[in-house]
Amino acid sequence: MVTHVRNNFCIAPFTQLTFGPAGIYSPCPEIGGRAWKDPSASPITMWTSNEYNALRESFSNNEKNPVCNRCWEQEEYKNKSLRKRLLTQGAMFTKGELLDFVNSGYLSGPKQINLIVGNKCNLRCRVCRAGSSVTFNIEGRVYEKKLKKKTLYTSASIKPLSYSIEQINDIYRLSNNLQRIEFYGGEPLLDEPTIGLLEQLVQSGKSKNIVLFYNTNGTVIPTAKHFELWNQFKGIEFNFSIDDTGPRFTYNRHPGKWEDLLENIAVIKSYPWETDTKFLSICTVSNINVYYLPETLDELDRLELPSFLNNVFGPEYYNIEHLPTKIKEKIISKLSSYRNRSKLDFVLNMLSAPENLTHWEEFKYWTKEKDSYRKENFAEVCPEYYEIIKDYDQHF
C-alpha cells in the first residue's frame, strides 16, 4: 500500500493507458506506447496486465524503473518531465483522493486514455518513420533498394493501421472513470474510427465529464462532424506540433506548408466554441531545427500558442547530443543570448554533454538522401546553420 508519494513516484501507471491498434501499449504518451506489445490484448487486459502491475509496484517501492527512461533522461537535463508535470498539475484529484485512487481506485479503470491512432498521416517529417506515417513507404523503398537493407522508412503493410470496432468498444467500456482522452498519430484528425468513439461518449452523456486533447500537425482542417461532436465535451485542447517556421517548416515536416498551418490555426481558433478551449504548441528539438529555436519560439509567442520543448525520441542520429562539440559551441552561443534563456536551459544542458559522434555520419547521410529524394536543400533552407556545419565538416 502507498502511504505517501516519494521522489521517484509516477501516477501515470495508475491513471493512464496509452495504446495503439497493433497492440503496443505503455503507461503514458511520453513513451509513445512503446513499452510493451501484445497484438492479442484488448485495452481492458492491458490495464490489468502483469507488465502494468509490475510497474505500479515498482513506483510504489520508489524505484526508478528503466521502462520510463524517457522521463529520467528529461530530468537529467533539467527539463520538466511528464512524470513531474503530472504530479504537480493535480487536476484529476481533489485533496486526499490521490492515495485512495493509487491503492484501489484505479481498478475501476483509468482517468485518462491516450490513443496512438495509427500511422495514417499526410506528412513525412524528417525525424519521423513509417511506423508513424505510412506515406513514408514509397520513399522508404527507394532508400532500401539503394542500401539493400531494412530501414525505419518502410512498414510491414502499406495500408494504414487503425482501431477495430472491437477496440473502440473496449475503450468505451473503460470510460467509467474517464476525465481525459489524448489523441496522437499518425495524424489524429485523419482518423475515422475514433469519431465513432466520440459519438458513443456523446450519446451516453459521458462526454460532459471528458476533456479531449489533440496532438496535431496543424495541416489538416477538422471536419464539420469533428466540430459538432467536440462542442459536446467538457473541453478541448489543441497541441500543434511546430518544429520551425516558413520554408524550414516544410523542410522539417514535408510536404506541409506554413501558410496552410497558419490558415488552419485561424479557422480552429475562430470557430464559435461552446466549450472550454485551449491552444498550445510543442516543438520537437532535433539536429535539424536546434539552431533556429529562438526564431521558432518568438513566432509561437506571436501566434499566442504557449509552447513546450521536447527532445527527439529517435532516431538517434537526430538527437542533438550527437552533434560535434565545435558545432554545439556555436549553437550554444546563439541560444544563450535568447531573451527567455530559461526556456532553453534543458537544450543547453544537452548540448553541453560530452562529444559523442557515434551517429554523426548517419545524420549527414540521411540529410543528403532525403534532400536528394525530396528535391530539397539544407544549405538553401538553413544557410546560417549550414555555414557553421560546413566550417566544421567539409563533407556535409
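Above this text you will find the structure in question.
What counts and how
- Residues numbered from 1 in each chain as written.
- Predicted model: local features only at pLDDT ≥ 70, side-chain atom pairs only at ≥ 80, totals over all residues.
- Heavy atoms only, no water.
- Buried < 20%, exposed > 50% of the residue type's maximum accessible area, 1.4 Å probe, protein only.
- Helix = DSSP H or I, 4+ residues; strand = E, 2+ residues; numbered from the N terminus.
- Contact = heavy atoms within 4.5 Å.
- Salt bridge = Lys/Arg side-chain N within 4 Å of Asp/Glu carboxyl O.
- Pairing = 2+ DSSP bridges.
- Right-handed = clockwise from strand over helix to strand, strands pointing away.
- Expected span 1.5 Å × (residues − 1).
- Phe/Tyr/Trp six-rings, centres within 6.5 Å; stacked < 30°, edge-to-face > 60°.
- Lys NZ or Arg CZ within 6 Å of the ring centre and 35° of its normal.
- 1 Å grid on protein atoms, 1.4 Å probe; cavity = no way out; pocket = protein on both sides within 12 Å on 5 of 7 lines; lining within 4 Å.
- Points joined across faces, edges and corners; volume = space filled by probe spheres on them.
- Nonpolar A, V, L, I, M, F, W, Y, C, P; charged D, E, K, R; others polar.
- Core = buried A, V, L, I, M, F, W, Y, C linked by side-chain atoms within 4.5 Å.
- Axes fitted to C-alpha atoms, helices over the stretch in contact; angles between N-to-C directions.
- Left-handed = near helix turned anticlockwise from the far one by under 90°.

(A) Quick look at helix H13 (residues 293-302). Along H13, the residues classified as buried are Leu293, Pro294, Thr296, Leu297, Glu299 and Leu300. Buried positions along H13 lie against helix H12 (258-270), strand S10 (276-285), strand S11 (307-311), helix H14 (325-335) and helix H15 (345-351). Residue Glu304 follows H13 closely and has a positive phi angle near 55°.

(B) Region of the structure containing the pattern of salt bridges. Summed over all chains, the structure comprises 20 salt bridges. Notably, a salt bridge pairs Arg126 with Asp371, separated by 2.7 Å at the nearest N-O pair. Of this pair, Arg126 sits in the loop between strand S5 (124-125) and helix H7 (136-147) while Asp371 sits in helix H16 (residues 360-374), and the two are 245 residues apart along the sequence. Judged on exposure class, the residue Arg126 and its partner Asp371 are both buried. One salt bridge connects Asp244 with Arg248, and the closest N-O pair in it is separated by 2.9 Å.

(C) Fine view of the pairing of S10. Where strand S8 (residues 235-241) meets S10, seven bridges bridge the pair, whose relative direction is parallel. In the sheet register, Phe238 faces S10, and the bridge partner there is Phe279. Where S10 and S11 come together, five bridges link them in parallel fashion. Within the sheet, the bridge partner assigned to Thr284 lies in S11 and is Asn310. The β-α-β motif built from S10, the intervening H13 and the parallel element S11 has right-handed crossover chirality.

(D) Main features of H16. The end-to-end C-alpha separation of H16 is 21 Å, in line with the 21 Å expected for 15 residues at 1.5 Å each. Every buried residue of H16 is accounted for by Trp360, Phe363, Lys364, Trp366, Thr367, Glu369, Lys370, Asp371 and Arg374. Taken from the residues just after H16, Lys375 is the one with a positive phi, measuring 55°.

(E) Representation of the packing of aromatic side chains in the model. Applying the stated criterion to the full structure yields 42 aromatic pairs. Relative to Phe363, the ring of Trp360 has its centre 5.6 Å away and its plane inclined at 35°; by these criteria the two rings are tilted. On the criterion of helical spacing, the pair formed by Trp360 and Phe363 is a turn pair, its members being three residues apart in helix H16. The exposure classification of Trp360 matches that of Phe363, with both residues buried. Above the face of the Phe308 ring, Arg85 is positioned so that its terminal group lies 4.3 Å from the ring centre. Over the ring of Tyr172 we find Lys206; its NZ or CZ atom is 4.5 Å from the centre of that ring.

(F) Examining empty space enclosed by the protein more closely. Counted according to the given criterion, the structure contains one cavity of 30 Å³ or more. Approximately 90 Å³ is the volume found for the largest cavity. Together, 14 residues line the largest cavity, and Cys10, Cys28, Cys68, Cys71 and Arg83 are the ones closest to its centre. Contributing elements (two or more residues each) for the lining of the largest cavity: helix H1 (12-15), helix H4 (69-76) and helix H5 (82-89). A per-class count over the lining of the largest cavity returns twelve nonpolar, no polar and two charged.

(G) Representation of the nonpolar core in the model. Judged by nonpolar contacts, the single largest core of 66 residues is most densely connected at Phe19, Leu115, Ile181, Leu212, Tyr214, Trp230 and Phe238. Among the elements that make up this core, the one with the highest residue count is helix H9 (residues 193-204) (five residues). For Leu115, the contacting residues outside a window of four places in its chain are Phe19, Tyr163, Ile171, Ile181, Glu182, Phe183, Tyr184, Thr194 and Leu197.

(H) Examining the packing of helix H8 (residues 165-173) against H9 more closely. Between H8 and H9, whose axes approach to 10 Å, the crossing angle comes to 35°. When you trace H8 past H9, the crossing you get is right-handed. On H9, the residues touching Ile168, Asn169, Ile171 and Tyr172 of H8 are Pro193, Thr194, Leu197, Gln200, Leu201 and Ser204. Here the contact of H8 with H9 is built from residues that sort into six nonpolar, four polar and no charged.

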